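Topology and contacts: notes
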Amino acid sequence: AKELCKEVLSQSILEWNYRNISSIPSILLEEGGHVQHLYLKRNSITHIPKNIGNMKNLTYLYIPGNKIKILPSSIGELRSLQVLDISANKIEYLPSALCKLSSLRSLIATYNKIKTFPQDLCKLRSLCVLMLSGNELLYLPEDMRGLSGLQGLDVDYNSLQELPHSLCQLPLLQRISCCVNNLLHLPAKHFKTTSPRIYFDGNPHLNYLPFALLERLRTGETWEPAVLQTSGSCLNGDDGKEKLTLMLKQPKLLHEEFNNLVLPSELCKMNCTNMQSVPTPLTEIVLRYIWNQASNGDFNSANNKVFIEVLPNNLKHELELGPVAECCSPYCAEPIFSFAFILVISVNIASRPNTTVSRPVPVMMHYCSERCAAEHKTKITHLRDEYSVWLTKKINNKYILEYI
């Protein structure tokens, strides 16, 4: 204890890893206002005292591998904190008070028992790295646009069924790792300004790719060959899901095992797959018009104000989150919110090197209108050939890619 007291009074960086400390010393909280870095890895600490907020100059707090169950709300008073590592504890929830950490750049909360990520934490505009792997997350907040500084998101080993499409609006996002979840689909929209690498192996219910991501793969912007290899535990065909399922009847393009593809929940409000003459709903037309008129996401401009004022709250919310997809016609790119015409093409992919065994992978294409879908449908054979040949060159023949 005397040694710890001496270190507190004389040092601004305290490295107390692996010391079998059972509680944070009171002298640190009373006399450690000058401490900037605190390392407490692999001790036996069971709780963080409420007066942790006294350490006003603390910038790095590493406390992984302990037995902490609850974070006090007073941790939000550490306004200088830039890195918080609370991994490998027993934490069940993150306090909303963390949203006060305006300087926080890295939040590492892997391998806990966290079930939800609070919406309030999406206000952390300075956050660059968010690591939540190895928890019990069922979903992420629908609106994550507030994390405007986010560059890396790790949510491996959870129970997520989808990624919020608001991620596509984050301007600095470079990496998403969502391996070993229960994902039903991947984002169907182009990312706003970046081309993040997406790692998604170990999602057995994922059975198709959106065209927007295949297109990025073709241009070399998004995936490396290794990511194709890791997709071996995905794209396994019918997963038995009944809800949000699109029944496909296009035997010339798809194998029978791919008759059921799960759509994003927003698109399941309305869709048309058989090229019937179904008019686009008025609400969808209004949303598309306002989105196209908006400048830099400013939906309250003079041109849009008259429309915004009369929109019900649910439609305003859809505008704020942005479209879930964009029309796949190269001459259109119209935003899609809740209504789309769907076409599917398929390529055979052997996801492991040095093998001749391949399997069909459906690629879903969204269109804003019957006209765009019909015009592009005539080019599907060419598209399949073009993408397959390019992908073969991309990976130096380590994978076998053909089209059906």
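Here is what the cut-offs are and how they apply
- Residues numbered from 1 in each chain as written.
- Predicted model: local features only at pLDDT ≥ 70, side-chain atom pairs only at ≥ 80, totals over all residues.
- Heavy atoms only, no water.
- 1 Å grid on protein atoms, 1.4 Å probe; cavity = no way out; pocket = protein on both sides within 12 Å on 5 of 7 lines; lining within 4 Å.
- Points joined across faces, edges and corners; volume = space filled by probe spheres on them.
- Salt bridge = Lys/Arg side-chain N within 4 Å of Asp/Glu carboxyl O.
- Buried < 20%, exposed > 50% of the residue type's maximum accessible area, 1.4 Å probe, protein only.
- Helix = DSSP H or I, 4+ residues; strand = E, 2+ residues; numbered from the N terminus.
- Axes fitted to C-alpha atoms, helices over the stretch in contact; angles between N-to-C directions.
- Parallel < 35°, antiparallel > 145°, perpendicular 65-115°, else oblique.
- Left-handed = near helix turned anticlockwise from the far one by under 90°.
- Contact = heavy atoms within 4.5 Å.
- Nonpolar A, V, L, I, M, F, W, Y, C, P; charged D, E, K, R; others polar.
- pLDDT = per-residue confidence, 0-100.
- Phe/Tyr/Trp six-rings, centres within 6.5 Å; stacked < 30°, edge-to-face > 60°.
- Disulfide = S-S within 2.5 Å.
- Patch = residues over 30% accessible without salt bridge, like charges linked within 9 Å, V, L, I, M, F, W, Y side chains within 5 Å.
- Areas by Shrake-Rupley, 256 points an atom, 1.4 Å probe, with all protein chains shown as cover.
- Lys, Arg positive; Asp, Glu negative; His and termini not counted.
- Charge placed at Lys NZ, Arg CZ, Asp CG, Glu CD.
- Pairing = 2+ DSSP bridges.
- Core = buried A, V, L, I, M, F, W, Y, C linked by side-chain atoms within 4.5 Å.

Its volume calculated, the second largest pocket comes out at about 190 Å³. In terms of lining residues, the second largest pocket is bounded by 16 residues, among which E162, L163, P164, H165 and E266 are the most central.

Attention now goes to the pattern of salt bridges. Side chains bearing opposite charge may pair, as long as their charged atoms lie close to each other. A full pass over the atoms with the stated rule returns nine salt bridges. Measuring nitrogen to oxygen at the nearest pair gives 2.8 Å for the salt bridge that ties R145 to D143. For R145, a relative accessible area of 30% translates into the label partly exposed. Across the pair R175 and D154 runs a salt bridge whose closest N-O atoms are separated by 2.8 Å. Of the two residues, R175 sits in strand β8 (residues 175-177) while D154 sits in strand β7 (residues 152-154), which places them 21 residues apart along the sequence. Judged by its relative accessible area of 11%, D154 falls in the buried class.

Our focus in this paragraph is the environment of R42. Among the secondary structure elements, R42 is positioned in the loop between β2 (37-39) and β3 (60-62). Measuring from C-alpha to C-alpha, the distance between R42 and Y18 comes to 5.2 Å, with 24 residues separating the pair along the chain.

With their axes 11 Å apart at the nearest point, helix α5 (residues 282-293) and helix α7 (residues 313-321) run at an angle of 45° to one another. One finds that α5 runs oblique with respect to α7. Here α5 runs over α7; the crossing is right-handed. In this structure, α5 uses T283, L287, I290 and W291 to contact α7, whose residues at the interface are L315, E318 and L319. When grouped by side-chain class, the residues that make up the contact of α5 with α7 number five nonpolar, one polar and one charged.

So, about the confidence of the model for the protein chain. Summary statistics for the protein chain give a mean pLDDT of 79 and a share of 72% for residues scoring 70 or more. Per-element confidence in the protein chain is highest for strand β6 (residues 129-131), whose mean pLDDT is 98, and lowest for strand β18 (residues 401-403), whose mean pLDDT is 32. Overall, residues 269-275 carries pLDDT values under 50, and its contacts beyond four positions in sequence, including any with other chains, amount to 21 contacts. Note on residues 392-404: pLDDT under 50 across the span, and 42 contacts to partners over four residues away in sequence or across chains.

Bringing unusual backbone geometry into the picture now. Unlike most non-glycine residues, Y111 shows phi in positive territory, near 55°. Summarising the element assignment, Y111 is placed in the loop between β5 (106-108) and β6. For Y111, a relative accessible area of 48% puts it in the partly exposed group. One non-glycine residue with positive phi stands out, namely Y157, at about 55°. The topology assignment puts Y157 in the loop between β7 and β8.

Turning our attention to the packing of aromatic side chains. Under the counting rule described, the total for this entry stands at four aromatic pairs. Taking the centre distance of 5.5 Å and the plane angle of 85° together, the rings of F339 and F341 count as edge-to-face. Note on F341: relative accessible area 1%, which makes it buried.

All told, the structure shown has zero disulfides when counted by the stated rule. Free of any disulfide, C372 has its nearest cysteine sulfur in C327, 3.9 Å distant. We classify C372 as buried; its relative accessible area is 10%.

On the surface, a cluster of positive charge is made up of K67, K69, K90 and K113. By the secondary structure assignment, K67 is in the loop between β3 and β4 (83-85). Of the residues examined, K67 reaches a relative accessible area of 44% and is grouped as partly exposed.

What follows concerns the sheet that holds β7. One open sheet accounts for nine strands, arranged β1-β2-β3-β4-β5-β6-β7-β8-β9; its pairing is parallel. Edge strands, defined here as strands with exactly one partner in the open sheet, are β1 (13-15) and β9 (197-199). With direction set aside, neighbouring strand axes in the sheet form an average angle of 5°. Across three bridges, the pairing between β8 and β9 is parallel. Bridged to I176 within β9 is I198.

Turning next to the side chain of S87. Relative to the elements of secondary structure, S87 occurs in the loop between β4 and β5. On the basis of relative accessible area, S87 is assigned to the buried category, the value being 10%. Those residues in contact with S87, other than ones at most four positions away along the chain, are I63, P64, G65, I108, A109, T110 and N112.

On to the nonpolar core, then. If you look at the biggest cluster of nonpolar residues, it comprises 65 residues, and the most contacted ones within it are W16, L28, L38, M55, L84, L94 and L130. At the level of secondary structure, the elements contributing two or more residues to this core comprise α1 (2-10) and α2 (26-31). The dominant element in this core, judged by the number of residues it contributes, is α2, at three residues. When neighbours within four sequence positions are excluded, L94 is seen to be in contact with L71, I86, L107, I114, F117, P118, L121 and L132. Listed in part, the 24 residues of the second largest apolar core include L263, L343, C368 and A373.

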